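# Summary of structural features
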Amino acid sequence: MYKPISQPSKSEAYAWVKPDDKLQMSDHFSSLLFGGSISNTILELVTLIAPLVAMFFFGDALNVKISMPFSELALYFIVCSVVRRVYNAYLEAVYFSFPSKRTQPPKEHLLKQEKDLCGRDIAQLKLLHFHDKLTILSQFALNFALYFYLPGYYPADEEQPLSFQERFGKLVLNHYVMSFGMYWAHRSLHDIQFLWKHIHSIHHYAKHPLSRNTYEDHWFDNFLNAFVGHVFAQILVPLDRPTFWFSRIFRILESLEKHSGVSCGFNLAHSAQQWLPFAQMPHHHDWHHEGFKGSNYTFTSIGGIWDCIFGTRKSGRHTANKCAAATRHDMDEVLKGRANPSPFNPMLPLVGLLALVVLKLNGYLLY
C-alpha cells in the first residue's frame, strides 16, 4: 500500500512512500490470504472448493478414462493457485527490497495524479476488476470442459514411463509449440486494431508492470492464450503426467517473472531457460509494456526464438543492472537495428495451427 507525499497539481509528477501507519497483513499486496479484491478472492475460492464438493457427492464417478483422477485435478488447481500467490509475493518482495535489480529506473515511475504504481487510473482498475471475475469463471469452465470432453488432456500415468531424455525433448518441443501459438495470438492482439482497442489494450494499462499485472487482462485475452497456447500444445505434443505438472508450474513462474519489473538471478524460471537460443528475459517484456517505445516488439513467451525468426526481437532494457540478465543476442547490434516487420495477417498462422489440431484429434496425425 502506497500513498502520495502531497497532493500535486494535474501536471505535476509525484513520488510514492511507505505509509507511516501500521499495516495489517490483509492490507498488503503480498498477502497470501487475500488479493486486492476480497470479492474476487472469494470467487476464486469458490471455484477451488466446488470440485471438492462435487467429489464428496459423486466420488469416482467423476473420473475420466486415460485422464488423471478428478481428485488430482482438484489438487492441481489448488496447487497452481497457491504457487501463483506465493511466487507473486516473492517477486514483489524482490522488487521492493532490491531497487538496484529493477528493470526501469526510478524516473520512469514518476506518475500523474490518481494513478497506481503501475500506471493505471481508477476507471481502468475498475474495468480490470470486472474482467478478473470473468477470467476466473471462463478459465474454470474451460478447464473442466477439457477434462470431461477431451479425455487424456490431463494425462494419467503411462504403463511404460518415458525416459528423462524423452521427457525433456517433448517438454522443449511442447513449449516451443505453445509459444508459437501465443506469439501469433499476441501479435494479432497488437496488429489488428479491433482486438487491440477492445481487448489487449486493457492489459497495457500497466506501463510499469509488476507480477500482479500478469493475469490482469480482458477475460478473452486470457482465454485465447490458454486455448492457442496450452491447449493446442498439449494436443499436438502431449506431455506425460509428471512433465505436465512441471510444465504448468514452470509456466506460472515464467509468466509472473516477465511482468515482475526485475531482470536478474532472482527470476528462477528465466534463469533456468536462459541457455535456449535467443532466450527472452523479463527486461524484454518490460520494454514491451512501455507502450509506444516498444509495444510492437517482443511478443514471445518462453524461449524467444519466434521474435527472432519473424523479425520482432528488441533488446529492451538489457543494460539494466549492469547487463546482469542480458543475453548474448541482446548485445547483437544487427538484431537491435531491425525495423518493424512488413504487414502480414497474423491470424493465418493460428488458422494453420488450428488445422493441425483438428487433424490430430481426428487421427490423421499419428505421431
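Note that this is a predicted model, so its numbers are computed, not measured. (Residues numbered from 1 in each chain as written. Predicted model: local features only at pLDDT ≥ 70, side-chain atom pairs only at ≥ 80, totals over all residues. Heavy atoms only, no water.)

## Some details on the pattern of salt bridges
In this structure the tally under the stated criterion is seven salt bridges. One salt bridge in this structure joins Glu-92 and Arg-212, with 3.0 Å as the shortest N-O distance. In this pair, Glu-92 sits in helix H2 (residues 70-97) while Arg-212 sits in the loop between helix H5 (193-198) and helix H6 (219-236), placing the two residues 120 residues apart along the sequence. Classification of Glu-92 by relative accessible area gives buried; the value is 1%. Among the residues examined, Arg-212 registers a relative accessible area of 29% and is labelled partly exposed. Two residues, Asp-157 and Arg-241, come together in a salt bridge whose shortest N-O distance is 2.7 Å. One end of the pair, Asp-157, is in the loop between helix H3 (122-149) and helix H4 (164-191); the other, Arg-241, is in helix H7 (residues 241-258), with 84 residues separating them in the sequence. What you see here is one network of salt bridges that share partners, running through Glu-72, Asp-157 and Arg-241. (Salt bridge = Lys/Arg side-chain N within 4 Å of Asp/Glu carboxyl O. Helix = DSSP H or I, 4+ residues; strand = E, 2+ residues; numbered from the N terminus. Buried < 20%, exposed > 50% of the residue type's maximum accessible area, 1.4 Å probe, protein only.)

## Some remarks on a nonpolar patch on the surface
Residues Leu-45, Ile-49, Val-53, Phe-56, Phe-57 and Phe-58 make up a contiguous nonpolar surface patch of about 690 Å² in total accessible area. Within the fold, Phe-57 resides in helix H1 (residues 38-58). Look at Phe-57 and you get exposed, because its relative accessible area is 60%. (Patch = residues over 30% accessible without salt bridge, like charges linked within 9 Å, V, L, I, M, F, W, Y side chains within 5 Å. Areas by Shrake-Rupley, 256 points an atom, 1.4 Å probe, with all protein chains shown as cover.)

## Looking at the packing of H4 against H6
Look at H4 against H6: their axes get within 8 Å of each other, and the N-to-C directions meet at 150°. In terms of their interaxial angle, H4 and H6 are classed as roughly antiparallel. Judged by the sense of rotation from one axis to the other, the crossing of H4 with H6 is right-handed. Of H6, the residues touching H4 (which contributes Asn-174, Val-177, Met-178, Gly-181, Met-182, Ala-185 and Leu-189) are Asp-221, Leu-224, Asn-225, Val-228, Gly-229, His-230, Ala-233, Gln-234 and Leu-236. When its residues are assigned to classes, the contact of H4 with H6 shows nine nonpolar, six polar and one charged. (Axes fitted to C-alpha atoms, helices over the stretch in contact; angles between N-to-C directions. Parallel < 35°, antiparallel > 145°, perpendicular 65-115°, else oblique. Left-handed = near helix turned anticlockwise from the far one by under 90°. Contact = heavy atoms within 4.5 Å. Nonpolar A, V, L, I, M, F, W, Y, C, P; charged D, E, K, R; others polar.)

## Looking at unusual backbone geometry
Most of the time, phi is negative for any residue but glycine, and the peptide bond is trans. We note that Ile-66 has phi near 60°; this positive angle belongs to a residue other than glycine. Along the chain, the position of Ile-66 falls in the loop between H1 and H2.

## A word on the side chain of Ser-211
By the element assignment, Ser-211 lies in the loop between H5 and H6. Filtering out sequence-adjacent residues up to four positions away, Ser-211 remains in contact with Asn-88, Leu-91, Glu-92, Leu-256, His-259 and Ser-260.

## Digging into H7
Residue pairs three or four apart in sequence face the same way in an α-helix, which turns once every 3.6 residues. The end-to-end C-alpha distance of H7 is 26 Å, a good match for the 26 Å that 18 residues give at a rise of 1.5 Å each. With respect to burial, H7 is a largely interior element, 15 of its 18 residues being buried. (Expected span 1.5 Å × (residues − 1).)

## Comments concerning the packing of aromatic side chains
According to the stated counting rule, one finds 33 aromatic pairs in the structure shown. A ring pair is formed by Tyr-147 and Tyr-154, whose centres lie 6.3 Å apart and whose planes are at 45°; its orientation type is tilted. Across the ring face of Tyr-95, the terminal group of Arg-102 is positioned such that the distance to the ring centre comes to 4.3 Å. (Phe/Tyr/Trp six-rings, centres within 6.5 Å; stacked < 30°, edge-to-face > 60°. Lys NZ or Arg CZ within 6 Å of the ring centre and 35° of its normal.)

## What about the environment of Pro-346?
Position of Pro-346 among the secondary structure elements: in the loop between helix H12 (333-336) and helix H13 (348-361). The spacing of Pro-346 and Trp-184 is 162 residues in sequence and 5.8 Å in space, taken between C-alpha atoms. When residues no more than four places from it in sequence are discounted, the contact partners of Pro-346 are Trp-184, Arg-187, Ser-188, Asp-191 and Ile-192.

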